[in-house]
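# Notes for the structure review
Listed below, chain by chain, are the residues.
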Amino acid sequence: MTSRSDIPVLIQGVSKRYGSTTAVDGLDLEVQRAEVFALLGPNGAGKTTTIEMCEGFTKPDSGTIAVLGLDPIADNAQLRERIGVMLQGGGGYPAARAREMLDLVAAYSANPLDPAWLMDTLGLTEAARTTYRRLSGGQQQRLALACAVVGRPELVFLDEPTAGMDAHARIVVWELIDGLRRDGVTVVLTTHQLTEAEQLADRLVIIDHGAAVAAGTPAELMGRGAENQLRFSAPPKLDLSLLISALPENYRTVETAPGEYLVEGHVDPQVLATVTAWCARLDVLATDMRVEQRSLENVFLDLTGRELRP
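This structure is a prediction, so every number in the text was calculated from the model and none was measured.

### Topic: the packing of aromatic side chains
Under the definition given, this model contains 3 aromatic pairs. Residues Phe232 and Trp278 carry aromatic rings whose centres are separated by 6.3 Å and whose planes lie at 70° to one another, so their mutual orientation is edge-to-face. With Phe232 in strand β10 (residues 229–233) and Trp278 in helix α10 (residues 269–282), this pair connects stretches of sequence that are 46 residues apart. Accessibility expressed as a relative area gives 0% for Phe232, which makes it buried. The class for Trp278 is buried, based on a relative accessible area of 4%. Feature note: the residues Phe232, Tyr261 and Trp278 constitute an aromatic cluster, connected by ring pairs.

If you want it as structure tokens, here you go:
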């Protein structure tokens, strides 16, 4: 039986209100060890508030939160020694030089990663003597990430880890996060980059209005409903009556545009054989036949009805 201390993050029935606004509404989440867990949602959905409660910066109004088996508020001093936190705004000292900041954070750890190696890995070596205020936005983000992981945390919270980064820097950060997972570190991240969630997350939860509306692996979420749509191209205005009669009653078959056809229902090998037999009977060739795979963006929009914006 799994105990609370074996679950890196356990959130049960948590709510948080700010005046008349409910930021988090009865949320339940469970994060497993050594996984990358992504929390997605529109602006105002409650992502950052949820992360802040896990980090001990904000106290929930109701419900319970256990992080590494500890209360983020009551046991904050113990928790700080075991977690890494990357804040969305960076949180650096404006006049401190980049390497000085990382060295300072590393000094608080009994067994830190090599700061020089981390600076080099994240492409910050040339900016080592640059003050924080003079770093680019992407460099500030990478330095904040370095500060979050230099102490070898068991669990790291990353709030928008690649915001403001170019494509190359983003790939470097993805590789570092994947390396943390391989080393057994649990990673909880929020991101507005849906491709990032697809690439990195072992599991994810989409929240809206402070409540979870979907959970699972990226493949599970993208696959839901996709198996019910078979699309193919053929000459326009074909007689669909024979195909409709050959398929079970609960299937829908339409020509969505001239020469573009859609079959909705459970798609299995028998259905594919029925469609190809119908084409053969009409002496036509079906092309571009596919069972559609939805993107994570499609799933997100279906569930929340609005785009994910930074």
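Let us keep going from here.
### Some thoughts on unusual backbone geometry
Within the chain, Ala34 stands out as a residue other than glycine whose phi angle is a positive 55°. Among the secondary structure elements, Ala34 is positioned in the loop between β2 (21–31) and β3 (36–40). Given the relative accessible area of 29%, Ala34 is considered partly exposed. You will see that Lys237, though not glycine, has its phi angle at about 60°, which is positive.

### Some details on the layout of surface pockets
There is about 780 Å³ of room inside the largest pocket. In terms of lining residues, the largest pocket is bounded by 23 residues, among which Val85, Val105, Tyr108, Cys147 and Ala148 are the most central. Mapped onto the lining of the largest pocket, the elements with two or more residues apiece are β5 (83–86), α3 (98–107) and α5 (137–149). In this structure, the second largest pocket spans a volume of roughly 170 Å³. Lining the second largest pocket, in full, are Leu113, Trp117, Val149, Arg152, Pro153, Leu176, Gly179, Leu180, Asp183 and Val185.

### A short note on the nonpolar core
If you look at soluble globular proteins, the nonpolar side chains tend to sit buried side by side. Membership of the largest hydrophobic core comes to 51 residues, with the highest contact counts inside it found for Leu122, Leu143, Val187 and Leu204. Residues Leu27, Val31, Ala45 and Phe157 belong to the second largest nonpolar core, which totals 25 residues.

### A look at the environment of Asp25
Following the sequence through the fold, Asp25 ends up in strand β2. When near neighbours in sequence (up to four residues on either side) are disregarded, Asp25 contacts Val14, Ser15, His209, Gly210 and Ala211.

What counts and what doesn't
- Residues numbered from 1 in each chain as written.
- Predicted model: local features only at pLDDT ≥ 70, side-chain atom pairs only at ≥ 80, totals over all residues.
- Heavy atoms only, no water.
- Phe/Tyr/Trp six-rings, centres within 6.5 Å; stacked < 30°, edge-to-face > 60°.
- Helix = DSSP H or I, 4+ residues; strand = E, 2+ residues; numbered from the N terminus.
- Buried < 20%, exposed > 50% of the residue type's maximum accessible area, 1.4 Å probe, protein only.
- 1 Å grid on protein atoms, 1.4 Å probe; cavity = no way out; pocket = protein on both sides within 12 Å on 5 of 7 lines; lining within 4 Å.
- Points joined across faces, edges and corners; volume = space filled by probe spheres on them.
- Core = buried A, V, L, I, M, F, W, Y, C linked by side-chain atoms within 4.5 Å.
- Contact = heavy atoms within 4.5 Å.

So yeah, pure geometry; function would need other evidence.
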